[in-house]
Amino acid sequence: MRIVNTVDEVRNQVRRWREQGLTVGLVPTMGYLHEGHASLIAASHRENDRTVVSDFVNPMQFGPSEDLESYPRDIEHDAAVVEKNGGDMIFHPTPEEMYHKGFSSFVDMTVLTEELCGLSRPGHFRGVCTVVSKLFNIVKPDRAYFGKKDAQQLAVIRHMVDDLNMDIEIKGCPIVREADGLAKSSRNTYLSTEERKAATVLWRAVNKGTELIRGGEKDCGVIIREMSAVIDAEPLARADYIKIVDCATMQQIETLDRDALCALAVYIGKTRLIDNFFTEDI
Ligand code: PAF
């Protein structure tokens, strides 16, 4: 398993693999890998001859008051996770390698990004689409792997690939959870012991929503109100949003009469965590 820092090194290695007729999977990450990332790497390893993991905390997708500086980083730990799960190469560029002086081209999307995290994090998806496009151009993978925890990101990337005729298969992989239900996230490391306990409130709200839907509830207002009550009962939690949206458009719906995504973002202290479920998975 190699760690490389430059675009040229990635391209040279991928070219050699292509000459041997090998297929290539890409797992884009911001590092500090956990079991969720491990499941993406393992899926890519199963479905491709070679797997590249990008490990880059992308400044462009962070807002001015967000956690770019404090975002956790540990390349040695990441290398061990990639190795263990069958990855073949880590691309670990510097910000200067990705965004050279004078960089001025962006990939923006005018649909899907106005709701949910796009509302709370202006410019976030522009940064995600730009860096993911660059990674796709650098690695030119057959398949790329993303977690369903970032459900809106997955929808945005699928849409971008379709709009821009990128010849890459996008694979969405299930959310991986801790034993108590908290979705794995690099940001969980920010939580104090007390906050970590409180953070299970997201999973409890998800369960409340799925229970109601299993019981036949179709009124999104009722489902959201009941889920909000679960969050509000936890003193360390503050909901950023809880919304039910059409899977295809990411626009809010009032009645569950089609495939929908229920997504929530909740502050636990200063840490913003997300979770979700798709009605088709209930
Ligand atoms: O999901 C993430 O970790 C990031 O948004 C991604 C896709 C690696 C782009 O920086």
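Right above here is the structure, for reference.
A. Main features of the sheet that holds strand S6 (residues 169-173). In spatial order, the strands read S1-S4-S3-S2-S5-S6; together these six strands make up an open sheet with parallel pairing. The sheet terminates laterally at strand S1 (2-4) and S6, the two strands that pair on one side only. For this sheet, the mean angle separating the axes of adjacent strands, direction not counted, is 25 degrees. Where strand S5 (residues 143-147) and S6 come together, five bridges link them in parallel fashion. Considered in S6, the bridge of phenylalanine 146 is made with glycine 172. Running at roughly 145 degrees to strand S4 (residues 89-91), helix H3 (residues 75-84) makes contact with S1, strand S3 (50-55) and S4 of the sheet.

B. Up close: the pattern of salt bridges. Scanning the entire structure with this criterion turns up 16 salt bridges. A salt bridge links aspartate 275 to arginine 177, with the shortest nitrogen-to-oxygen separation between them at 2.9 Å. Within this pair, whereas aspartate 275 is found in strand S9 (residues 271-278), its partner arginine 177 is found in the loop between S6 and helix H8 (193-198), the two being separated by 98 residues in sequence. Between arginine 196 and aspartate 180 there is a salt bridge, with its nearest N and O atoms 3.0 Å apart. Taken together, the residues span a long stretch of sequence, with arginine 196 in helix H8 and aspartate 180 in the loop between S6 and H8 at a distance of 16 residues. Look at arginine 196 and you get partly exposed, because its relative accessible area is 23%. A relative accessible area of 36% means that aspartate 180 is categorised as partly exposed. Among the ionic contacts, a cluster of salt bridges with common partners joins Glu47, Arg143, Glu169 and Lys171.

C. Local environment of the environment of alanine 198. Within the secondary structure layout, alanine 198 lies in helix H8. Note: C-alpha distance between alanine 198 and methionine 227 (29 residues apart in sequence) is 15 Å.

D. Region of the structure containing the nonpolar core. Among the nonpolar cores identified, the biggest contains 48 residues, and Phe91, Phe136 and Ile170 are the most heavily contacted of them. Of all the elements, helix H6 (residues 124-139) adds the most residues to this core, at nine residues. Not counting residues within four places of it along the chain, the set of residues in contact with phenylalanine 91 comprises Val4, Asn5, Thr6, Val7, Val10, Val52, Val53, Ser54, Asp55, Met98, Leu135 and Ile138. Membership of the second largest hydrophobic core comes to 27 residues, among which are Leu191, Val201, Ile213 and Ile223.

E. Just the site of the ligand, in detail. Contacts to the ligand come from Pro28, Thr29, Met30, Asn58, Gln61, Val128, Val131, Phe146, Asp150 and Gln153. The side chain of glutamine 61 places a nitrogen or oxygen atom 2.6 Å from an oxygen atom of the ligand. Side-chain polar atom of glutamine 153 to an oxygen atom of the ligand: 2.7 Å apart, as the coordinates give it. Bound to the protein, the ligand loses 89% of the 290 Å² it would expose on its own.

F. View of the side chain of lysine 134. Position of lysine 134 relative to the elements: it lies in helix H6. Although lysine 134 is buried, it forms no salt bridge, and the closest oppositely charged side chain is glutamate 97 at an N-O distance of 8.7 Å. Once residues lying within four places of it in the same chain are set aside, the contact partners of lysine 134 are Met98, Tyr99 and Phe103.

G. Local environment of the packing of aromatic side chains. The final tally for this structure, using the stated rule, is five aromatic pairs. Geometrically, the ring pair formed by phenylalanine 56 and tyrosine 99 is tilted, given 6.2 Å between the ring centres and 45 degrees between the ring planes. Separated by 43 residues along the polypeptide, phenylalanine 56 in the loop between S3 and H3 and tyrosine 99 in the loop between helix H4 (95-98) and helix H5 (116-120) bring together distant segments of the chain. A relative accessible area of 6% places phenylalanine 56 in the buried class. Judged by centre distance (4.9 Å) and plane angle (80 degrees), the ring pair of tyrosine 99 and phenylalanine 103 falls under edge-to-face. Members of the aromatic cluster, each reached through a chain of ring pairs, are Phe56, Tyr99, Phe103 and Phe106.

H. Looking closely at the sheet that holds strand S7 (residues 237-246). One open sheet holds the three strands; their spatial order is S7-S8-S9, and the pairing between them is antiparallel. The open sheet terminates on both sides in strands that have one partner only, identified here as S7 and S9. Averaged over all neighbouring strand pairs, the angle between strand axes comes to 15 degrees, with direction disregarded. Where strand S8 (residues 260-268) meets S9, eight bridges bridge the pair, whose relative direction is antiparallel. From the neighbouring strand, valine 266 faces S9, where its bridge partner is leucine 273.

The rules behind each value
The residue numbers shown here count from 1 along each chain, following its written sequence. Thresholds applied to this predicted model are a pLDDT of at least 70 for local features of residues and 80 or more for the giving and counting of side-chain atom pairs; totals over whole chains, interfaces and linings are not thresholded and use all residues. In computing side-chain values, all of the structure's heavy atoms are included and hydrogens and water are not. Two strands pair under a simple rule: DSSP has to find at least two bridges between them. Helix numbers and strand numbers start at the N terminus; a helix is a DSSP run of H or I with at least 4 residues, a strand a run of E with at least 2. Fitted lines through C-alpha atoms serve as axes, helices being fitted only where they are in contact, and the angles separating the N-to-C directions of these axes extend from 0 to 180 degrees. Any two residues whose heavy atoms approach within 4.5 Å are treated as being in contact. Throughout this description, the term salt bridge denotes a Lys or Arg side-chain nitrogen within 4 Å of a carboxyl oxygen of Asp or Glu. Partly exposed describes any residue whose relative accessible area lies between the buried limit of under 20% and the exposed limit of over 50%, with all areas from a 1.4 Å probe on protein chains only and scaled to the type maximum. Buried Ala, Val, Leu, Ile, Met, Phe, Trp, Tyr and Cys residues form a nonpolar core when they are joined through side-chain atoms within 4.5 Å. The nearness test applies per residue and asks whether one of its heavy atoms lies within 4 Å of the molecule or strand. Polar contacts, as counted here, are pairs of nitrogen or oxygen atoms within 3.5 Å of one another; within protein the pair requires one atom able to donate a hydrogen and one able to accept it, and residues that are adjacent in sequence qualify only if both atoms are side-chain atoms. Residue exposure ignores everything except the shown protein chains as possible cover, and the areas themselves are Shrake-Rupley values with a 1.4 Å probe. Two residue types count as positive, namely Lys and Arg, and two as negative, namely Asp and Glu; His and chain ends fall outside the count. We call Phe, Tyr and Trp rings a pair once their centres come within 6.5 Å, taking the six-membered ring for Trp, and we label the pair stacked below 30 degrees between planes, edge-to-face above 60, and tilted otherwise.

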